[in-house]
Structures are given as structure tokens and as C-alpha cells.
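Coordinates in review
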Amino acid sequence: MASTLEKFIHSLDPRALPRVLQIQSGIYFQGSIYEMFGNECCLSTGEVIKVIGFRINKLIASICENNEVSGFSAKVELPLDFPGLYKVVADKTPYVSIEEITRKVSIGPSRFGHPCFYSPEDIKLANLTIKHGEQITFNSVEDVNGTMAVNCGVIRNNQSHSFTLPLSQEGKFYECEDDQIYTLKEIAEWKIPKCRNRIVKLSNTLHTWDSSNPLPENFDGCLILTPVYEVQAVMKFRKDIVNILSDLDVEVKDITDCYDINSFLQPLSLEDVFERTSKEFPMVAEIMEGPSGSQKPYNLLGTGKEIIIYKKYQATRVLASEIRSDSPKRHFLIPMSYKGKFKRRPREFLTAYDLEIARSEKEQLHVVATKAFDSPHKELFSVSVGDQFLVQQYQTSEVLYEGRKKLIDVLACEQILRDTYKKVLLPMYMEGGFVEVIHDKKQYQLSEICKEFNLPFNVKVSVRDLSVEEDVLAAVPGLQFEEEITDSYLLISCASDPVESWEIPVYRLNMSVHLLSKDVQTVVQSVIKTTVEEISEEQYYMMRRYENQTLHPPPRPPKKPTMLAPKPVFAVPEQGVSDVLQAPKNFCVDTTKKLCSNQAADVSGLQVSCQNYLEHHDSKKDMTGKATLLETSVIEGLTKKAFGKCETEKEEEEEHDYEYVDENIIENIRKVFQDTTVRNKHALSEGRR
């Protein structure tokens, strides 16, 4: 029985792929070439195609009122990257069986793939009764003793109870309300059931409205989304994959049961190849759709090329991001075989809890405070800008809170003074700012950093990887190693030149192949080559989404009430600097002048730059000379309203890792800053009179 392509795709279960279709009523765009805008637009009557996949290409949106399409609402096209965050409105139409849910709703390993339903009636199982109205989470579809069933779960008294429901289970199942927010792309991939539309409510816009926006200005209502699919198909006498939009005006007939499906080429994605058993490797394949990119090996993987796929395996990468204040940042996946070397860069910490996480048994963590903190407890230390600490250990301490003694988590530190060290306690909830002081000048391999230090870890390339023509990391001023990840890879080489073998990622490379019936000649493989992979912002956040979130800062008690006082105005000395001297523990540190912590706490927007580290002049023969800490630098932007627009200092590229500064110059800089601060305090007191 013939139906429109749109109706067929909307009702097609992805698990039933591939399907062979015959065109019953063709279409031809006059004056067009065979392929337009990357999509097939000419299908002749009687032509046979094999559908191998489909995905949502765009969404047709209609403004709805009371969950119904408005009679005056025009339909607009929304691309999947259309900005905004949306809440999913629960579908009021029930599903009549578990089988219907699995056929129409996306269920998968992603956190988006766990839909929730409830039944208006009790469901009695062998050892559990699901009460009516109880939220049931669908986790996965499994084969249980030869019967297909859904692995489900309910939460009772903060405890999870697991059970299975067979696909044959009938009854009414309603979608639960969803309090999460999603992008349009996430909704398209996971939240639009087959054969149904989806109503969403705009929760938050991500940009200001302009005339190019297809939605009305200040729109905050509901939309009915209808998907338009892009169908991937194989033609009878073509080796490449064609893309067909589902709204193309053609009629098709499913002839899978009476057609030899093996007469078509069988295109495989890299994911399909990876799912093959290890015994099937190595194999020879021809590329049907190659990846884009000029970097090796992607520029070698053109359409029609033959490759040898030796094996599949898991490999470790380090996820790294460019260190920069503005966005967008660049993100990289660095293989452990990277041959460049790194030098450490100072890390920044926002709380005392971050210091505890970064603390290492190998070396003592030395930090400088860049933000003031006024402790509400006399037993704990109040921090001023410029204070230096050596981080010791986590412990608990007794404090007096609202007239009662209470145990709280604290971080034991040593404050570095002029000629001694003072033991202090910082509350773990402390909202401050710290910058690490680096004493280590060693150059590290990537594997050494991962073995010896906790991530995240800040570095910059000191020696580029000479084994590659262009090291993309060498041009990056600073990198933060965020975490080690394990990902899936295939080892391949060109069939015409099998000497070089390359690792290629399975899930980030858009590439399809078909297998050839050729024997793989035994080749002595050379050293496996890997590349630093630059990934997109979207790919980066998809990887970070599953980061371990078990570590969280302890809760902060209620803030101590503070009296609002006039904000002091600090003049910015022209000779202000943003550098901190390296100060090992056996050096005496001069901290003769600090900002009053109460004043500093009242100043909103105080930003202290402590980015560069200065080393004592090598020409001095006294190697035990005094290294001095500049406790303050340029103070930027005390608030735009009160003090006008401030200029932002431009970052300058350092030619070397350290600068050498004469002691007298430092004393002159300190004197200028102190004199300016005294004048401002005097002017402030005169103004109050």
C-alpha cells in the first residue's frame, strides 16, 4: 500500500531498518540538477531505494493556545540550533502498551533517554506493586530470559527499586511532567515521539529579539513542533549515500519483503564497524562518504579510497581547554603519545574547598589571595588581598555560632609573614579567590603530569611536538588539562600505502564505508600515529556532561548580617603591576601593607590580577636574597555605575616564562601604591566629615 514519504518515515521504527522502497509517484524540480543543497530532489517513478537511516533535520513550529494550534498561526521553520531553552509539555494522550512506548519513544543510555510515565491504575508484579500515579522511569530495553522487556525503576523513600515490564504489558500510560529544560536539538533527538507532535514552552531566550527571528517579539508561549526528517538512502546503482527530506512530495511503497536487499551496497558507519566482533578484524573497506578536514589522516580519507581497518579498541585522551578570559575557547583531545613538553602555569581557585581538592602529598600548595574574605567567626581567619598561604590539610574545628558551639569543616594553612609562619584556619565554604605560586621549572611529558598531579592542571607548551608538521598546541598561550577520558577508536591505514597507520575516533568522525571481499595482506605496522583532535563546543560539553559530580563543596551557613557602609574609592596608581614574585618557603616575604579586610569586602567588582610570576635577578650572587611579594596590582572596575567605565588591560605574550626585576624597582612600586592608598583614605575621611 502506497503512502507519502513523510507519513512512512513518521511511522517507521528505527529498529526495522533497513527498508527497501519503490517510488510510486515521482517528483522533478524543473531546471535543477540531480542533487540540490546536499539533498536528493529528483526521484523518478519506479526507482528503488534502500533507507538505511533517518534523523530530524529541522522543525516546523506553530504557536499554540490551550495546547491547540491557533487558527491564525503561521508555520515557521526552526533549525535545530535555534537559540533558546524549552520545557517539554507532557503529552495528554496515553500510550496503550509498553510495546507502543518502546516503539515511539527514545530510550537509551543518555540521561535524556530515561522517559518517565505513570499509570492511573495499580500494576501488580510478582514481588512489587506499582501504585497508581507513581512515576516509573524507563531505563533500557533488554532481553530477559528470551522475552523483551523494559528495565524500569521507581523511587520510594529516597530508595530506588528496579523491576522489568514486558513489552506485552497493556494499560494506559501517561507521560509525566518534566521540569528540566532543553535545547531544540536535545528535544529533536530525544523528546519527540514517533507519529506524534511535541508541545514545548519557551523557558529562556539566549539572545535579544531581532527582525530575523521567526517568532513574535517577547514571545513566551507554547509551540507545537513537527519534525522534518532527513532520510539517508542508497540508490541502486550509486556508491554514495543520498539525503532525502521527508517532506518531499513523493509516494512510496515498502517492498522489503519481496526484494533482494543484498543487491544494494551495505554502507556502514564507523559505529557499525566498531560493533563488529574482534574476530572479524582486520577488514578492507571502501569509503562511501569521507570526512572533511585538511589535517592528516582526514585528508587521506576521500570518497572511493580503500582502507584497511586493523582493529578496534579503547584509548585514553586528555581533555584540555584553552586558558583565556574571553570566549569562545578552543578545546582539544590530546593523545598520551603526544611528544611535546609542558611547563606549569598557575592555577586559580575560587574557594577553600578547591584548594583541598588540588592539595597534593608530593608538594605543598602555595597560593596568594586575590579576594578579601571577612570571617563571621573569631576562631577562623579573615583573608586580605595579597595574603600568602601554604595549604596544609582538611580538618574540623569548633566555632561559636548563634550562641552554640558547632563543628564545621575547615582548611588548615600556614600564613607566610615577614619572618615567620602563622597557623590559620579557613572555612571550607569560603568564597574567595586564590592564585597558585609556581616554584617548579621542570618540563613535563603529558604522561608524567597525569601520573604525578591532580587534574585540572594548568600548563603551556614549552617544547612542541617535533614529530608532526604543525603542532596546534604550541600556538596556544595556556592550556587547562581538565580530565582523562576513554574513547573508542579504529586503527586504519590506506590500502595503497599501509606503512602508516592512524587512530581515528569512532563517534566524532562523519564517515561511512562498505566492506570489500578482499584478503588483508600481512603488513609489519609502523608506529601508530595519533593526532591532537580539536573538538567543537558542542562535543566538549557532551563529554563534560558525564563528568563525575560526586564532589561538591559543603553547604554554607547563613551569612552574617553586615551594615551597609559607603564604598571607599581607591585611586589606581599608574605604576601598578600585576606580578607576584616567586617566594619559596625559605624566603622571607614582605607583606608590610594590606588592604583593610572590611573595606575590601565591601568593594564589589574588585579584581586583582596575579597572573605572572617574577624571579629574583640571576646576576645577584646572594642566592638567599629576599624575594618580595607585590601584594596588590592594578585594581579594575570598582563598579561601572559609581566609578565609570574602566579600561581592561590587554594581555601581553610573555617571551620567557619569568621576568627578572631589581629589588629597588619593586620597593619604588610598593611606595607609590602605599602613598596613593594613604591619600585616598585621608580623602575619604575628610569627605565623611
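A quick note: this is a predicted structure, and the numbers were derived from the prediction, not measured.

1. Side note on the overall build of the protein chain
Regarding its fold elements, the protein chain presents 10 helices and 42 strands. The buried share of the protein chain, taken over its 689 residues, is 45%. Summarising the internal contacts of the protein chain: among those between residues at least 6 apart in sequence, 72% fall at separations of at least 24. For the protein chain, the exposed area adds up to about 37,800 Å²; of that, 50% sits on carbon and sulfur atoms.

2. Here's the deal with the nonpolar core
Grouped together as the largest cluster of nonpolar side chains are 40 residues, with contacts concentrated most on L223, L225 and I244. Apart from the residues within four sequence positions on either side, L223 is in contact with A61, S62, I63, C64, L78, Y86, R198, I199, V200 and L215. Y353, V391, L426 and M430 belong to the second-largest nonpolar core, a separate cluster that totals 27 residues.

3. Things to note about the pairing of strand β30 (residues 404-416)
Across 12 bridges, strand β29 (residues 388-401) lies against β30 in antiparallel orientation. Looking at the pairing, Y394 lines up with L411 of β30. Once β29 ends, the chain turns through two residues before running back antiparallel as β30, passing E402 with a positive phi of about 55°. Connecting β30 to the antiparallel partner strand β31 (residues 421-427) that follows it, the hairpin turn spans four residues.

4. Considering the sheet that holds strand β9 (residues 95-97)
If you trace the six strands from one edge of the open sheet to the other, you get β9-β16-β10-β13-β14-β15, paired in antiparallel fashion. The sheet is open, and its two borders are formed by β9 and β15 (159-166), each paired with just one other strand. On average, adjacent strands in this sheet sit at an angle of 45° to one another, irrespective of strand direction. Bridge count for strand β14 (residues 147-156) against β15 is eight bridges, and the pairing is antiparallel. For G153, the partnering residue across the bridge sits in β15 and is S162.

5. Re the pairing of strand β20 (residues 241-245)
Counting buried positions over the five residues of β20 gives five, a clear majority of the element. Burial along β20 is two-sided: the residues I241, N243 and L245 and V242 and I244 are all buried. Pairing of strand β19 (residues 222-235) with β20, which is carried by five bridges, proceeds in the antiparallel orientation. By the bridge assignment for β20, Q232 is matched with N243.

Calculation notes
Residues numbered from 1 in each chain as written. Predicted model: local features only at pLDDT ≥ 70, side-chain atom pairs only at ≥ 80, totals over all residues. Heavy atoms only, no water. Helix = DSSP H or I, 4+ residues; strand = E, 2+ residues; numbered from the N terminus. Buried < 20%, exposed > 50% of the residue type's maximum accessible area, 1.4 Å probe, protein only. Contact = heavy atoms within 4.5 Å. Areas by Shrake-Rupley, 256 points an atom, 1.4 Å probe, with all protein chains shown as cover. Core = buried A, V, L, I, M, F, W, Y, C linked by side-chain atoms within 4.5 Å. Pairing = 2+ DSSP bridges. Axes fitted to C-alpha atoms, helices over the stretch in contact; angles between N-to-C directions.

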